[in-house]
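The lines below spell out each chain.
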Amino acid sequence: MNFEYQTNLKSYPFLIKELDIIYGGPNFKQKRLPKGRKRLMQILKHLSIYKNSTCKDIAKIEWDNDLSTKVKLKSITDDIRKFINEKLIPKRLVITKEPKKIGNKKIKTYDLTIFGILYIIHMDCVNLENISRNYKEEHPLVFGRIDIFKKVFGKN
């Protein structure tokens, strides 16, 4: 994929509309969750807090929080990898980064794109300080100025 395709902000409103239809949007109030919403929010929240994460890193937090589950860590990791590769990378919310070397293996790491950052802000489920700290190098004109916004608008 070329750079223009990945960062063309003209297509962002259409992407938001499509994702809100599929996953329910920020004002979702129904009892039954759309399929994939929980997994989407889990991955986006994790990547907003921990940059350059592997699928195992994301799965480990879910597995640690739900110790009563009989599902193995590897199974959760495979589900997350499949969800990222089939749903999030084609929608340009997540991008693969340089692999981490663990032992003698190179394991893919994932990171949010500008669309992923904007979508998680749209869903209103993120601490903006985490994003500004983690993505300051990639987007300095936006996240390098968070301190100015805090002075103008206050801490909240």
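Shown above is the structure to which this text applies.
What counts, and where the lines are drawn
Residues numbered from 1 in each chain as written. Predicted model: local features only at pLDDT ≥ 70, side-chain atom pairs only at ≥ 80, totals over all residues. Heavy atoms only, no water. Helix = DSSP H or I, 4+ residues; strand = E, 2+ residues; numbered from the N terminus. Core = buried A, V, L, I, M, F, W, Y, C linked by side-chain atoms within 4.5 Å. Buried < 20%, exposed > 50% of the residue type's maximum accessible area, 1.4 Å probe, protein only. Contact = heavy atoms within 4.5 Å. Phe/Tyr/Trp six-rings, centres within 6.5 Å; stacked < 30°, edge-to-face > 60°.

Let's talk about unusual backbone geometry
Although it is not a glycine, Asn52 sits at a positive phi angle of roughly 55°. Although it is not a glycine, Arg92 adopts a positive phi angle of roughly 65°. Take Arg92: it is sitting in the loop between α5 (73-88) and β1 (94-102).

Here we look at the nonpolar core
Judged by nonpolar contacts, the single largest core of 32 residues is most densely connected at Leu40, Ile84, Leu93 and Tyr119. Elements with a contribution of two residues or more to this core: α2 (12-23), α3 (37-49), α4 (55-65), α5, β2 (105-112) and α6 (114-122). In terms of residue count, the dominant contributor to this core is α5 (six residues). Setting aside anything within four residues of it in sequence, one finds Leu93 in contact with Leu15, Leu19, Leu40, Leu88, Asp111, Leu112, Thr113, Phe115, Gly116 and Tyr119.

Digging into the packing of aromatic side chains
Under the counting rule described, the total for this entry stands at two aromatic pairs. Measuring from centroid to centroid gives 5.5 Å for Tyr12 and Phe115, while their planes differ by 20°, and the two rings are stacked. You can see Tyr12 sitting in helix α2 and its partner Phe115 sitting in helix α6, a full 103 residues away along the chain. The exposure classification of Tyr12 matches that of Phe115, with both residues buried.

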